[in-house]
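Spelled out, the chains give:
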Amino acid sequence: MGGSSVTDDLEVTTNEAGTLVLLGSPGTSRLFDFSGEPEVIGKEVTTNEARTLVLLGRTGNGKSTTGNSILGRKAFTSKYSSAGVTSTCELQSTRLDDGLTVNVIDTPGLFDFSGEHEVIGKEIVKCMDLAKDGIHAVLLVLSVRTRFSREEQAAIQSFQEFFGEKIRDYMVFVFTGGDELEDNDQSLDDYLGNECPEPLKETIKMCDNRLVLFDNKTKDPKKKTDQLIEVLSLVNLVLEKNGGVPYTNELFKELQALKANSLIGDSKHMIDELKEPVPRSYEEQLSRLTENVTSKFTGITSKLLEQWAIERADRVAAELKGKAAQEKIEGGLHELREQLERAKHENEICRRELERAKHENAKSSCHIL
């Protein structure tokens, strides 16, 4: 599909059992069996043979339907609605034929400026908790049906600031609405060439142009297979770029330490009654961590909103300055036109005086004769 950065040596073939084989660099071959329903497993998978993908994007861009397309079944609730359907982070998994588990975390409108900061803070913590050992790729879901807004630009910016520049190495852009582009005989490259705002182009470039077009409405099995292979190929590129290490940060480490300490505290409390005071409960520590996350998110959004206000004030000042300059120019032109009119009037008076003088001279000459 147009616009993706899938490696040139990627090859798709089929074995005797009718299983699709995705061939790439040595040691990265994967089998995908789409002959039947994918195997549904528990919601928490921690084996090394797992890929954890997080869906992020504005409400209504198609995160849940994209997750369902990746999983091969309707795992997440998705329907047309004026408000977001997904209200909390949720993890669903599927296992491919070769044993590779794909964990997909669907999210509500994280980093949405219109949401309540306390709720967003809780959901960020929950998302990181569901990801457990780290995130293998972040799928930023955008829609070709809507224009890339200033709010989406700010959301992506705040997301990067919250998790740090390293998160760019894990980002993949998924554009939904492939059916609409197909109806208009457009490729993703065509769409981005005509409609893509400069800030989005720069962000995509910083992410090494990892992007894919999804048609979540298609019933064509081959098309479903092709777009799944493409997005998983991009995930493999992310893994190669990062040495196979998933993304983690201090938040992950704090959550893991918090859980470990909670288990140790519970074990000691069960063995004996402890002479020392029992440490704060897991819930209390989690609440403190959530408050810190909320505070950080609030700080980032406040900074961006302040930046917006400054930029808007600068634009207004520039517009007023331009308007004043235009008015000054127009005022000067008006004055110049008045001067020209006066000069024309004076010239006309002079011309008449000259004509009268010539007439008087002619009459005087006749009297003399």
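Quick caveat, the model's predicted, so the values are computed rather than measured.

Conventions we followed
- Residues numbered from 1 in each chain as written.
- Predicted model: local features only at pLDDT ≥ 70, side-chain atom pairs only at ≥ 80, totals over all residues.
- Heavy atoms only, no water.
- Helix = DSSP H or I, 4+ residues; strand = E, 2+ residues; numbered from the N terminus.
- Buried < 20%, exposed > 50% of the residue type's maximum accessible area, 1.4 Å probe, protein only.
- Contact = heavy atoms within 4.5 Å.
- Areas by Shrake-Rupley, 256 points an atom, 1.4 Å probe, with all protein chains shown as cover.
- pLDDT = per-residue confidence, 0-100.
- Phe/Tyr/Trp six-rings, centres within 6.5 Å; stacked < 30°, edge-to-face > 60°.
- Lys NZ or Arg CZ within 6 Å of the ring centre and 35° of its normal.

Colleague: With reference to specific residues and values, describe the overall build of the protein chain.
Modeller: Looking only at helices and strands, the protein chain features nine helices and nine strands. Burial statistics for the protein chain: of 369 residues in total, 37% are counted as buried. Long-range pairs, those at least 24 residues apart, make up 72% of the contacts in the protein chain between residues at least 6 apart in sequence. Entry remark: accessible area of the protein chain is about 21,400 Å², with carbon and sulfur atoms responsible for 52%.

Colleague: Tell me what's going on with the confidence of the model for the protein chain, and back it up with residues and numbers.
Modeller: Averaged over the protein chain, the pLDDT score is 78; the fraction of residues at 70 or greater is 76%. Here strand β2 (residues 20–23) stands out as the element of the protein chain with the lowest mean pLDDT, 42, in contrast to strand β8 (residues 171–176), whose mean of 96 is the highest. In this model residues 1–47 is a low-confidence stretch, pLDDT under 50, and it forms 106 contacts with partners more than four residues away in sequence or in other chains. For the stretch residues 267–272, pLDDT sits under 50, and the model shows three contacts to residues farther than four places along the chain or on other chains.

Colleague: Explain the environment of Tyr-191 residue by residue, including any values.
Modeller: With respect to the helices, strands and loops of the structure, Tyr-191 is situated in helix α5 (residues 188–195). For the pair formed by Tyr-191 and Leu-181, sequence separation is ten residues and the distance between their alpha carbons is 7.8 Å.

Colleague: Go over unusual backbone geometry with me, naming the residues and quoting the values.
Modeller: The phi dihedral of Lys-132 is positive, around 55°, even though this residue is not glycine. When you line up the elements, Lys-132 lands in the loop between α2 (117–131) and β7 (137–143). A positive phi angle, near 55°, is found at Asp-185, a position not held by glycine. With respect to the helices and strands, Asp-185 occurs in the loop between α4 (178–183) and α5.

Colleague: Please give an account of the packing of aromatic side chains that cites residues and values.
Modeller: The relative placement of two aromatic rings is captured by the distance of their centres and the angle of their planes. If you walk through the whole model with that rule in mind, you get six aromatic pairs. A ring pair is formed by Tyr-170 and Tyr-247, whose centres lie 5.6 Å apart and whose planes are at 70°; its orientation type is edge-to-face. Of this pair, Tyr-170 sits in the loop between α3 (150–163) and β8 while Tyr-247 sits in the loop between α7 (221–241) and α8 (250–271), and the two are 77 residues apart along the sequence. In terms of burial, Tyr-170 and Tyr-247 fall into one category: buried. With centroids separated by 6.4 Å and ring planes inclined at 65°, the aromatic side chains of Phe-175 and Tyr-191 adopt a geometry described as edge-to-face. Taken as a pair, Phe-175 in strand β8 and Tyr-191 in helix α5 lie far apart in primary sequence, 16 residues in all. Overall, Phe-175 belongs to the buried group, its relative accessible area being 1%. We note Lys-296 situated over the ring of Phe-162; from NZ or CZ to the ring centre the distance is 4.7 Å.

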